[in-house]
Amino acid sequence: MPSRGDGTAPYGSWPSPIGAALAASLDGRPEYVGAVGSEVWWTVPRPAEGGRRALVRRPADGGPAVCALPAPWNVRSRVTEYGGLPWVGTERPLGGPLVVFVHFPDQRLYAYEPDAPGSPAPRALTPVSAVGGGLRWADPVLREGEVWCVLEEFTGTAPTDVRRVLAAVPLDGSAAEDRSLVRELTDDRYRFTTGPRLSPDGRQAAWLVWDHPRMPWDGTELRLAEVTADGRLAEPRTVLGGPEEAVAQAEWTTGGHLLAVSDRGGWWNPYRVDRETGEAVNLCPREEEFGGPLWKPGLRWIAALPDGLVAVLHGRGSSVLGVLDPESGDLVDAAGPWTAWQPTLAVTGGRVYGVAASPRSGYEVVELDTATGHARVVGGRTSGGTGPDGGTGRDGAPVPDGGTGPDGGTVPGGAPVPADREDPAYYPEPQSRTFFGRGGREIHAHVYPPHHPLLRARADELPPYVVWAHGGPTDHVPPVLDLHIAYFTSRGIGVVEVNYGGSTGYGRAYRERLREQWGVVDVEDCAAVARSLAAEGTADPDRLAIRGGSAGGWTAAASLAATDLYACAAIIYPVLDLTGFAAETHDLESRYVDGLAGPPQTLALLSRERSPVARAEEITAPFVLLQGLDDPVCPPAQAERLLAAMRGRGVPHAYVAFEGEGHGFRRADTMVRALEAELSLYAQVFGFERPDIPRLALSD
């Protein structure tokens with residue numbers, strides 16, 4: 001809707017240059033930073049290229065990062081469905097670097113020599129299996145003529161018919177068609193494992209393991225074994241961890257000391273571990289997190305430097321990059337605007353590389369020179385510099401052309417607001433706040449008020465707000481720039497992201513609040529934040545919504561069944577049925593509900609009490625359900641059961657399914673359609689006009 005002429009327009013109707021296509025084109029973030037000699041490599045998303053992940057390299061001379069593997073190569077692992085570190089590389093005296101990576105479509109390991117004469121194509125190292133999900137690989141390291149890594153091997157057609165071991169793959173390609181030539185370094189007594197970390201002298205290997213029904217943030221074990229002269233692992237032993245101690249990472253210093261990140265003191269802190277006795281010394285005892293949930297093998301919160309210092313990611317809620325002296329415990333943080341760092345670190349010489357974001361910038365690759373303390377962005381920038389005539393986004397990814405377009409509009413005086421233009425003037429400013437819920441418990445959240453540089457609403461109008469429940473649920477959201485949030489706030493819709501009880505980043509006790517209370521504590525905490533915003537006059541109490549994906553989709557749907565607080569909801573690739581989730585999901589999370597809801601013997605009762613599918617008759621607010629049809633984590637069968645239960649009940653709702661999408665949307669066209677469908681729902685329910693997007697058809 002155009003301005004009324006006085007610089008005001010109703011909340012929700014504001015024109016914005018942050019279009020759905022722009023948000024989609026810059027979705028995702030760099031991941032898996034690694035050093036190849038003096039070069040730095042990482043993976044980046046390509047939503048416009050079918051959602052593939054590209055491998056890019058930054059030359060040693062500091063030039064711009066370039067794509068190392070053209071389409072259709074897709075560097076991404078499917079181990080445990082969430083993946084893990086998918087590549088490793090090394091510098092060679094002759095012939096340039098050697099890189100080994102996982103190609104997503106067939107999940108084979110490939111060797112690649114990008115600078116070799118004749119530019120040879122990648123060559124396969126591992127075979128294909130037709131059994132179930134086949135053979136999958138992650139978290140590799142190079143050792144002499146082999147790749148040592150996690151092997152996930154399906155033994156049947158069910159998602160839980162699977163075994164995992166450490167394996168050695170020959171680099172000469174001899175195992176490319178012969179599974180028998182892949183050496184297994186461990187047995188499969190443990191259900192889950194990370195890849196090995198080799199000591200600097202190559203004589204020992206350390207890795208993490210755990211078993212059902214534990215998740216890796218419940219309890220893991222740090223295993224240690226000697227590497228024999230013939231390249232095998234001697235009998236391993238546990239040196240740290242257990243059922244109630246979660247070790248998140250193992251790391252070796254250049255001097256051969258074994259480090260680990262453990263939550264034995266209630267917070268993930270860094271420890272030095274005696275390899276003989278298992279005695280662990282806390283190197284920096286703080287009520288802060290130096291680690292996080294190990295959703296994927298290969299995550300890295302600490303990294304040893306050549307001079308004996310250790311780069312660490314740490315914080316409470318938000319995080320910073322620091323350099324720790326393990327002898328004195330002194331910790332010096334890097335200066336810069338970044339408020340969140342992803343668990344990926346690389347070291348080359350005295351420089352540390354990581355992936356960080358701030359409220360004004362998306363995730364980007366940052367270099368810290370530990371000699372000078374200077375930190376700078378070196379790649380993966382997701383904000384700035386695109387301009388109205390298009391240009392490039394992160395690492396050369398094209399940004400759609402500008403213009404007024406369907407997402408544009410006009411402001412006072414008729415000046416156009418160009419669409420699909422990344423303009424920081426339209427970014428929201430997050431407010432990190434602490435709210436209080438049942439029993440006075442603290443609830444951490446980030447509030448993003450509506451923001452527009454040229455428009456405001458009338459003084460007598462309160463804005464609509466959408467509560468965002470994050471996925472996991474063992475995860476958290478930091479206060480950083482997210483163009484999906486800016487898409488709504490720049491149009492006059494507030495967003496509040498809630499780190500409900502059970503979230504990470506605030507210590508083990510906060511994380512444990514959700515134990516056997518999923519569908520209760522998360523629902524109550526989100527509602528408490530929403531009610532507080534309404535009570536203080538920040539949000540319109542009649543125009544509150546909730547949205548979430550995956551575990552957040554469960555919270556959104558469960559909230560509709562548990563309370564009449566919300567006018568509508570966006571439910572995205574959700575968990576909707578506890579018993580169905582336990583039976584139908586992938587192996588990693590097949591026993592997750594034991595800790596989230598309760599043991600198997602009580603699950604049927606709890607499912608009837610909490611599952612949105614079982615409580616469908618209590619859902620009276622409109623909703624949109626967005627679902628990937630190839631989702632192995634939250635299969636579409638659950639969405640279909642909810643739709644069947646809602647049929648004929650007179651509750652307006654829409655179901656938008658996406659062929660070829662899994663758990664987490666990756667394709668640009670999918671994200672555009674999903675964002676516009678969500679906005680259309682809010683427009684219809686909250687009562688504002690959006691003629692610039694397709695109208696979502698709601699049926700009863």
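None of the values given here were measured: they were computed from a predicted structure. (Residues numbered from 1 in each chain as written. Predicted model: local features only at pLDDT ≥ 70, side-chain atom pairs only at ≥ 80, totals over all residues. Heavy atoms only, no water.)

Enquirer: Honestly, the nonpolar core in this entry has me stumped. Any pointers?
Expert: Generally speaking, soluble globular proteins have nonpolar side chains that are buried together. The biggest cluster of nonpolar side chains holds 93 residues, and the ones touching the most others in it are Leu222, Val498, Trp518, Tyr566, Ile571 and Phe623. Ranked by residues supplied to this core, first place goes to helix H4 (residues 521-535) with eight residues. Setting aside chain neighbours within four positions, we find Tyr566 in contact with Val467, Cys526, Ala527, Ala530, Leu544, Ala545, Ile546, Ser559, Leu560 and Ala621. Counting 45 residues, the second-largest nonpolar core is a separate cluster that includes Leu22, Ala23, Ala654 and Ala683. (Core = buried A, V, L, I, M, F, W, Y, C linked by side-chain atoms within 4.5 Å. Buried < 20%, exposed > 50% of the residue type's maximum accessible area, 1.4 Å probe, protein only. Helix = DSSP H or I, 4+ residues; strand = E, 2+ residues; numbered from the N terminus. Contact = heavy atoms within 4.5 Å.)

Enquirer: Is there a simple way to explain the side chain of His452 in this structure?
Expert: Checked against the element boundaries, His452 lands in the loop between strand E35 (442-448) and strand E36 (465-469). A distance of 3.0 Å separates the side chain of His452 from the backbone nitrogen of Leu454, its partner in a polar contact. A distance of 3.2 Å separates a polar atom in the side chain of His452 from the backbone nitrogen of Leu455. (Polar contact = N/O pair within 3.5 Å; in protein donor to acceptor, adjacent residues only side chain to side chain.)

Enquirer: Would you explain the sheet that holds strand E4 (residues 66-67) in this entry?
Expert: With antiparallel pairing, four strands are arranged side by side in an open sheet as E1-E2-E3-E4. Both outer strands of the open sheet, strand E1 (31-36) and E4, are each paired with one neighbouring strand and no more. As paired strands, strand E3 (residues 52-58) and E4 are joined by two bridges and run antiparallel to one another. Within the sheet, the bridge partner assigned to Val56 lies in E4 and is Cys67. (Pairing = 2+ DSSP bridges.)

Enquirer: Sorry if this is basic, but what is going on with unusual backbone geometry here?
Expert: Negative phi values dominate among residues other than glycine, just as trans dominates among peptide bonds. The omega angle of the peptide bond from His212 to Pro213 is 0°, so this bond is cis rather than trans. By secondary structure assignment, the location of Pro213 is in the loop between strand E15 (204-210) and strand E16 (221-226). Residue Pro473 follows Gly472 across a cis peptide bond; omega there is 0°. As for its position among the elements, Pro473 is in the loop between E36 and helix H2 (483-489). Of note in this structure, Tyr32 is not a glycine but carries a positive phi near 50°. The class of Tyr32 is buried, set by a relative accessible area of 7%.

Enquirer: Sorry if this is basic, but what is going on with a negative patch on the surface here?
Expert: A cluster of acidic residues, Asp201, Glu226, Asp274, Glu276 and Glu279, forms a negative patch at the surface. Within the element layout of this structure, Asp274 appears in the loop between strand E20 (269-273) and strand E21 (280-282). (Patch = residues over 30% accessible without salt bridge, like charges linked within 9 Å, V, L, I, M, F, W, Y side chains within 5 Å. Areas by Shrake-Rupley, 256 points an atom, 1.4 Å probe, with all protein chains shown as cover. Salt bridge = Lys/Arg side-chain N within 4 Å of Asp/Glu carboxyl O. Lys, Arg positive; Asp, Glu negative; His and termini not counted. Charge placed at Lys NZ, Arg CZ, Asp CG, Glu CD.)

Enquirer: Is there a simple way to think about the pattern of salt bridges in this case?
Expert: Where charged atoms of side chains with opposite charge meet at close range, the side chains can pair. Tallied over the entire structure, the rule returns 52 salt bridges. Residue Glu31 pairs with Arg53 through a salt bridge whose shortest N-O separation is 3.6 Å. Here the residue Glu31 occupies a position in strand E1, and Arg53 occupies one in strand E3, the gap between them amounting to 22 residues. The same class applies to Glu31 as to Arg53, namely buried. Here Glu184 and Arg163 are joined by a salt bridge, their closest N and O atoms 2.9 Å apart. You can see Glu184 sitting in strand E12 (residues 183-184) and its partner Arg163 sitting in strand E11 (residues 162-170), a full 21 residues away along the chain. Residue Glu184 is classed as partly exposed on the basis of its relative accessible area, which comes to 32%. Exposure remark for Arg163: the relative accessible area of 19% places this residue in the buried category.

Enquirer: I would appreciate a short explanation of the packing of aromatic side chains in the present structure.
Expert: Each pair of aromatic rings is reported with the distance of its centres and the angle of its planes. In the structure shown here, the tally under the stated rule is 19 aromatic pairs. Among the aromatic residues, those joined into a ring-pair cluster are Trp468, Tyr487, Phe488, Tyr682 and Phe686. Directly above the aromatic system of Tyr363 lies the positively charged group of Arg29, at a separation of 5.2 Å from the ring centroid. Lying across the ring of Trp468, Arg547 places its NZ or CZ 3.9 Å from the centre. (Phe/Tyr/Trp six-rings, centres within 6.5 Å; stacked < 30°, edge-to-face > 60°. Lys NZ or Arg CZ within 6 Å of the ring centre and 35° of its normal.)

Enquirer: Where do I start with the packing of H4 against helix H5 (residues 551-562) in this structure?
Expert: For any two helices packed against each other, one specifies the inter-axial angle together with the distance between the axes. At a minimum axis distance of 9 Å, the contact between H4 and H5 shows a crossing angle of 75°. As far as their axial angle goes, H5 and H4 are roughly perpendicular. Contacts between H4 and H5 pair Asp522, Val523 and Cys526 from the former with Trp554, Thr555, Ala558, Ser559 and Ala562 from the latter. Residue classes in the contact of H4 with H5 are distributed as five nonpolar, two polar and one charged. (Axes fitted to C-alpha atoms, helices over the stretch in contact; angles between N-to-C directions. Parallel < 35°, antiparallel > 145°, perpendicular 65-115°, else oblique. Nonpolar A, V, L, I, M, F, W, Y, C, P; charged D, E, K, R; others polar.)

Enquirer: Please clarify how the confidence of the model for the protein should be interpreted in this entry.
Expert: Low-pLDDT stretches of the model should not have their predicted coordinates read in fine detail. Mean pLDDT over the protein stands at 92; residues scoring 70 or higher make up 93%. Confidence drops under pLDDT 50 across residues 382-408; counting only partners more than four residues distant or on other chains, this segment forms 84 contacts. Scored below 50 in pLDDT, residues 410-418 shows 30 contacts in the model against residues more than four places distant or in partner chains. (pLDDT = per-residue confidence, 0-100.)

Enquirer: Explain the sheet that holds strand E39 (residues 568-574) to me, please; I cannot follow it from the model alone.
Expert: The strands that make up a sheet are held in pairs by hydrogen bonds between backbone atoms, and each pair lies either parallel or antiparallel. With mixed pairing, eight strands are arranged side by side in an open sheet as E34-E35-E37-E36-E38-E39-E40-E41. The open sheet has two free edges, formed respectively by strand E34 (431-436) and strand E41 (653-658), since each of these has just one partner strand. On average, adjacent strands in this sheet sit at an angle of 20° to one another, irrespective of strand direction. Contacting E36, strand E38 (544-550), E39, strand E40 (623-628) and E41, helix H10 (residues 668-686) crosses the sheet at an angle of about 155° to E39.

Enquirer: Looking at this structure, how should I read the side chain of Glu251?
Expert: Within the secondary structure, Glu251 sits in strand E18 (residues 247-252). Judged by its relative accessible area of 6%, Glu251 falls in the buried class. Polar contacts involving the side chain of Glu251 include one to the main-chain amide nitrogen of Ala304, which spans 3.1 Å. Sequence-distant contacts of Glu251, that is, excluding residues within four places in its chain, are made with His257, Leu258, Leu259, Arg300, Ile302, Ala303 and Ala304.

Enquirer: Whenever I open this one, the environment of Trp42 confuses me. Can you help?
Expert: For Trp42, the position within the fold is in strand E2 (residues 39-46). Trp42 sits in the buried class, given a relative accessible area of 0%. Expressed as a C-alpha distance, the spacing of Trp42 and Tyr32, which sit 10 residues apart in the sequence, is 5.4 Å.

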